[in-house]
Amino acid sequence: MPFHLDSFHHLSQAELVAPSPVSDPYWVGFSDKVAALLNIDTNGSLPIDPQYLQLLAGNQLHIGQQTFQPYATAYSGHQFGQWAGQLGDGRAIYLGDINGYEVQLKGAGPTAYSRRGDGRAVLRSSIREFLCSEAMHALGIPTSRALAVVGSDLPVFRETRETAAICTRVAPSFLRIGHIEHYGHQDMQSELEATLEFLIQHHYPECQNSPTPFLSLLEKICIRVANTTAQWQSVGFCHGVLNTDNTSLLGLTLDYGPFGFLDGFDINHICNHSDHAGRYAYHRQGEILHWNLYCLASAMLSPLQNELAKTQQLNESEAIERIKTALASYNRQYTQQWQSIFRKKLGLRKELPEDIELLEKLMQTMHEHRIDFTQFFRGLSEGQSAPIEMAEWLKLYQDRLSVEDFCKDERLQNMQSVNPKYILRNHLAQHAIEMAQKKDFSEVAKLLKILENPIETQNVSDEYALPPSPDMEHIAFSCSS
Ligand code: AMP
Ligand code: MG
């Protein structure tokens, strides 16, 4: 029987479920930074209490004085533009709250929402989620975090036989647009309103004083999502599966699957090989999130209309106009944020209308010549000479710079802070994965350390900052994970 999670600090339809144990678990990766968030004592690399390995493997449900009552929540959603009905946590099990954060074991076995899935995750995808969560955080991009990956020799069958791993992920809340859609589509109004009120109380307290708190909530979610999406574009991050069930209500980057960072710039880049139509291509992410927010607004239509009728005496069509205005704040914020970050990446302080053309020309030229996205911006901010193909654009850029009145050193320094040197390129992740599959986890730890500090030049081989060699360029990622 589904129950309501008042006792777990939020109201979701959910089922209690125990993680399925795995035999002989071992550490694959561990983040002492996330451990610090959770107040877990470490010796600098692993928890001091050895029982954490069993806890995070799903083999025991207590640690110290704390006993957990794990559960999985129901949500629904639109997948690839189609209503998919009920989905839910099919393999992520909430352990519970630690130090104010929700902690989930992803890949800890089947739940009531697993449908035909095995509830497991493979080592490869768990390492990718672990490293990318921490890399994104270090880039200043809102994201769920990852505490650890625990491996086991339990076989898991995807295209081939692989082994299971469990990624412990951590967030202030894992609520998604899909949670709201779940109640909206079933016309469960009291659950819907309770979830919206929960969100306001715990994550958007600034809406409490608004005369229309639900409308204000919608608008604030739009703003957060717009900021995060613009930040993705600014580091060449492509999520790959931007379904509404993978869209956080807190504007976090969530559910890392076949994601990828652009190497050579291709505006149409599709990182998910199952996305034949390119719905989630790099250049479409901005508009897709707007579409997802439209789904959110539709799901919360009734509470919004009631609120606007009661407090503003608006009729149905007047209310719809107000909701559309709230949704439009997404577009405004996304455009503003996108332009602001890219101006910073180029070291432009003044806001001139002609900058837009300069940025468009930049994208166009980089696309035509498949210029490496990260290396180009970083090179520019280190005062290096740009690739010859960029010469024409560079002339326009130099002219534009002459209008600025701050010195070159200061400009370059500012630029470096928004033009990372190290990102989680697919071939780097792949190398760490292949070593981990042979039980050597040193490269996972090394990559984590590098990605935790993406801006400053580190004492590691230059290869960590370089694009892949041609033979490593086209690593294929399926949706299977
Ligand atoms: P995703 O697109 O990877 O976020 O997953 C979409 C839905 O499928 C979610 O409801 C997941 O919980 C579920 N799912 C994905 N993989 C599995 C699996 N191996 N076992 C059970 N459920 C899964
Ligand atoms: Mg998902």
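Preceding this paragraph is the structure being described.
Residues numbered from 1 in each chain as written. Chains lettered and ligands numbered in written order. Predicted model: local features only at pLDDT ≥ 70, side-chain atom pairs only at ≥ 80, totals over all residues. Heavy atoms only, no water.

Novice: Pulling in residues and values, what's your account of the overall build of the protein chain?
Specialist: Scanning the protein chain from terminus to terminus reveals 15 helices and 15 strands. Over its C-alpha trace the protein chain gives a radius of gyration of 23 Å, about what one expects of a compact globule, namely 23 Å for 481 residues. On the principal axes, the C-alpha backbone points of the protein chain span a range of 65 × 65 × 40 Å. By residue count, 57% of the 481 residues in the protein chain fall in the buried class. Intrachain contacts of the protein chain at a sequence separation of at least 6 include 69% that bridge at least 24 residues. For the protein chain, the distance from the average site of its 39 positive side-chain charges to the average site of its 56 negative ones is 2 Å. (Helix = DSSP H or I, 4+ residues; strand = E, 2+ residues; numbered from the N terminus. Rg over C-alpha atoms; globule rule 2.2 N^0.38 Å. Buried < 20%, exposed > 50% of the residue type's maximum accessible area, 1.4 Å probe, protein only. Contact = heavy atoms within 4.5 Å. Lys, Arg positive; Asp, Glu negative; His and termini not counted. Charge placed at Lys NZ, Arg CZ, Asp CG, Glu CD.)

Novice: Any details on the nonpolar core? Residues and values, ideally.
Specialist: One recurring pattern in soluble globular proteins: nonpolar side chains tend to sit buried together. In this structure, Leu346, Trp393 and Tyr397 are the most contacted members of the largest nonpolar core, which totals 112 residues. Non-local contacts of tryptophan 393, meaning those with residues more than four positions away in its chain, are made with Leu346, Leu358, Lys361, Leu362, Thr365, Phe376 and Leu380. Core analysis: the second largest hydrophobic core is formed by 29 residues, Trp27, Leu53, Ile93 and Ile166 among them. (Core = buried A, V, L, I, M, F, W, Y, C linked by side-chain atoms within 4.5 Å.)

Novice: Account for the coordination of the magnesium ion (ligand 2), naming residues and giving values.
Specialist: Taken together, the protein donors to the magnesium ion (ligand 2) comprise Asn246 (OD1) and Asp255 (OD), at separations of 1.9 to 2.1 Å. Assessed through its relative accessible area of 14%, aspartate 255 is described here as buried. (Donors = N, O, S within 2.8 Å, 3.2 Å for Na, K, Ca; no water.)

Novice: Just give me the short version of the state of the cysteines, but keep the residues and values in it.
Specialist: What we call a disulfide is simply a covalent bond connecting the sulfur atoms of a pair of cysteines. Under the defined criterion, the tally for this structure stands at zero disulfides. Cysteine cysteine 238 remains unbridged, with the sulfur of cysteine 271 as its closest cysteine sulfur at 3.9 Å. We classify cysteine 238 as buried; its relative accessible area is 0%. (Disulfide = S-S within 2.5 Å.)

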